Number of protein chains: 2
Amino acid sequence: MIDVSAIPMEEHVRFMRLALEEARAAELADEVPAGCVIVEPTGDGLSADARILGRGRNSVEAAHDPTAHAEMRAISEACRARGDFRLDGTILYVTKEPCAMCAGAIVLARIPLVVWGMSDPARGGQSVFGILDSEALINRSAVVDGVCGEECLEMMRGFFRARRRGG
Amino acid sequence: MIDVSAIPMEEHVRFMRLALEEARAAELADEVPAGCVIVEPTGDGLSADARILGRGRNSVEAAHDPTAHAEMRAISEACRARGDFRLDGTILYVTKEPCAMCAGAIVLARIPLVVWGMSDPARGGQSVFGILDSEALINRSAVVDGVCGEECLEMMRGFFRARRRGG
């Protein structure tokens with residue numbers, strides 16, 4: 001198992017850009033732009049042959065399903081890829097801090113590290129409820145925040161600005 | 001919209017028994033026994049022609065998916081039945097207090113009333129994190145607890161007792 005806390009920032013940025021691609025695809029489908037990828041580091045870390053186990057984008061409107069958040073989609077896909085409900089040793093990248101539902105799912109999936117772009121101090125699953133490092137739960141996830149933070153925030157702002165204009 | 005808080009206990013019991021049937025089916029499949037139904041009261045309340053919008057049972061092991069909790073399955077099914085990601089005016093019955101993930105999903109789905117059998121003071125999404133009535137979130141859910149509580153608790157205890165015996 002690699003030491004996920006020792007991963008250089010530029011490697012996080014590389015995978016956050018893939019999450020941003022997913023978010024952009026959500027936005028083009030008129031969904032709130034949130035995107036996620038789950039990566040399994042191999043060998044020397046993230047650099048060479050890290051495997052992408054799952055991708056997801058927000059699709060609540062199209063799926064008529066409030067659980068169709070980017071993280072949930074990526075977790076289900078990654079578990080199918082592994083044939084296991086446990087995602088030990090993986091890293092989840094998401095453009096926005098997970099909500100309570102997604103934070104709960106991340107802990108259930110035993111994902112040890114979550115990296116996000118923009119925080120959600122008003123409603124985030126960690127910021128408000130402290131779900132990711134709660135002593136009450138059996139597993140805990142470490143957090144790296146602010147990776148491509150400005151880009152993630154700007155995409156979200158742009159989406160809501162356009163909506164207010166009726167665009 | 002009917003006043004969900006005015007529903008007599010015997011009507012709650014009727015639907016909790018359906019949730020218990022789902023939990024029993026989960027147990028027979030060697031899954032932690034949790035079951036859920038989502039009901040849409042019509043006309044005079046729950047008695048006559050209440051419509052069951054969704055059912056779900058825990059299937060984490062079979063689906064290799066940590067998000068495959070009873071409540072999540074029932075919410076997705078109910079949303080498909082309605083063609084809407086909003087479940088306003090419905091009641092969710094579940095044998096055990098929802099975890100953080102499921103409590104978050106219930107609030108996202110705007111389900112106004114949650115009825116459960118056994119509470120989970122150590123890890124419950126409401127007991128530990130207060131997700132269902134959090135002022136931070138846009139929607140809130142009222143709770144009725146302890147409906148068929150003994151039956152729900154006994155089913156869960158029996159499951160873990162048999163597992164410890166290797167049964």
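As a reminder, the structure under discussion sits directly above these lines.
How each quantity is defined
- Residues numbered from 1 in each chain as written.
- Chains lettered and ligands numbered in written order.
- Predicted model: local features only at pLDDT ≥ 70, side-chain atom pairs only at ≥ 80, totals over all residues.
- Heavy atoms only, no water.
- Helix = DSSP H or I, 4+ residues; strand = E, 2+ residues; numbered from the N terminus.
- Rg over C-alpha atoms; globule rule 2.2 N^0.38 Å.
- Contact = heavy atoms within 4.5 Å.
- Phe/Tyr/Trp six-rings, centres within 6.5 Å; stacked < 30°, edge-to-face > 60°.
- Buried < 20%, exposed > 50% of the residue type's maximum accessible area, 1.4 Å probe, protein only.
- Least-squares fit on C-alpha atoms with pLDDT ≥ 70 in both.

Colleague: Looking at this structure, how should I read the overall build of chain A?
Modeller: Scanning chain A from N- to C-terminus turns up five helices and five strands. Put simply, chain A runs from its N terminus to its C terminus through helices and strands in the order α-β-β-α-α-β-α-β-β-α. Taken over C-alpha atoms, the radius of gyration comes to 15 Å for chain A, in line with the 15 Å a tight globule of 167 residues would show. Dimensions of chain A, computed from the C-alpha atoms along their principal axes, are close to 50 × 35 × 30 Å. Considering only intrachain contacts with a sequence separation of at least 6, the fraction spanning at least 24 residues in chain A is 62%.

Colleague: Where do I start with the packing of aromatic side chains in this structure?
Modeller: How two aromatic rings sit relative to each other is set out by the distance from centre to centre and by the angle between their planes. One pass over the structure, following the stated rule, counts four aromatic pairs over all chains. Ring centres of A:Phe15 and A:Tyr93 lie 5.6 Å apart, and the angle between their planes is 25°; this geometry places the pair in the stacked category. Here the residue A:Phe15 occupies a position in helix H1 (residues 9–28), and A:Tyr93 occupies one in strand E3 (residues 91–96), the gap between them amounting to 78 residues. Like A:Tyr93, A:Phe15 is buried. Judged by centre distance (5.1 Å) and plane angle (85°), the rings of B:Phe159 and B:Phe160 are edge-to-face.

Colleague: Looking at this structure, how should I read the relation of the copies chain A and chain B?
Modeller: Each of the two chain copies can be generated from the other by rotation about an axis followed by a shift along it. For the pair chain A and chain B, the superposition axis carries a translation of 0.0 Å, the fit reaches an RMSD of 0.0 Å, and the rotation angle comes to 180°. On this basis, the relationship between the two copies can be described by a two-fold rotation axis. When C-alpha distances to the rotation axis are compared across chain A, the minimum falls at A:Met101, with a value of 1.9 Å. Mapped onto chain B, 100% of the interface residues of chain A again fall at the interface, so both copies present the same surface.

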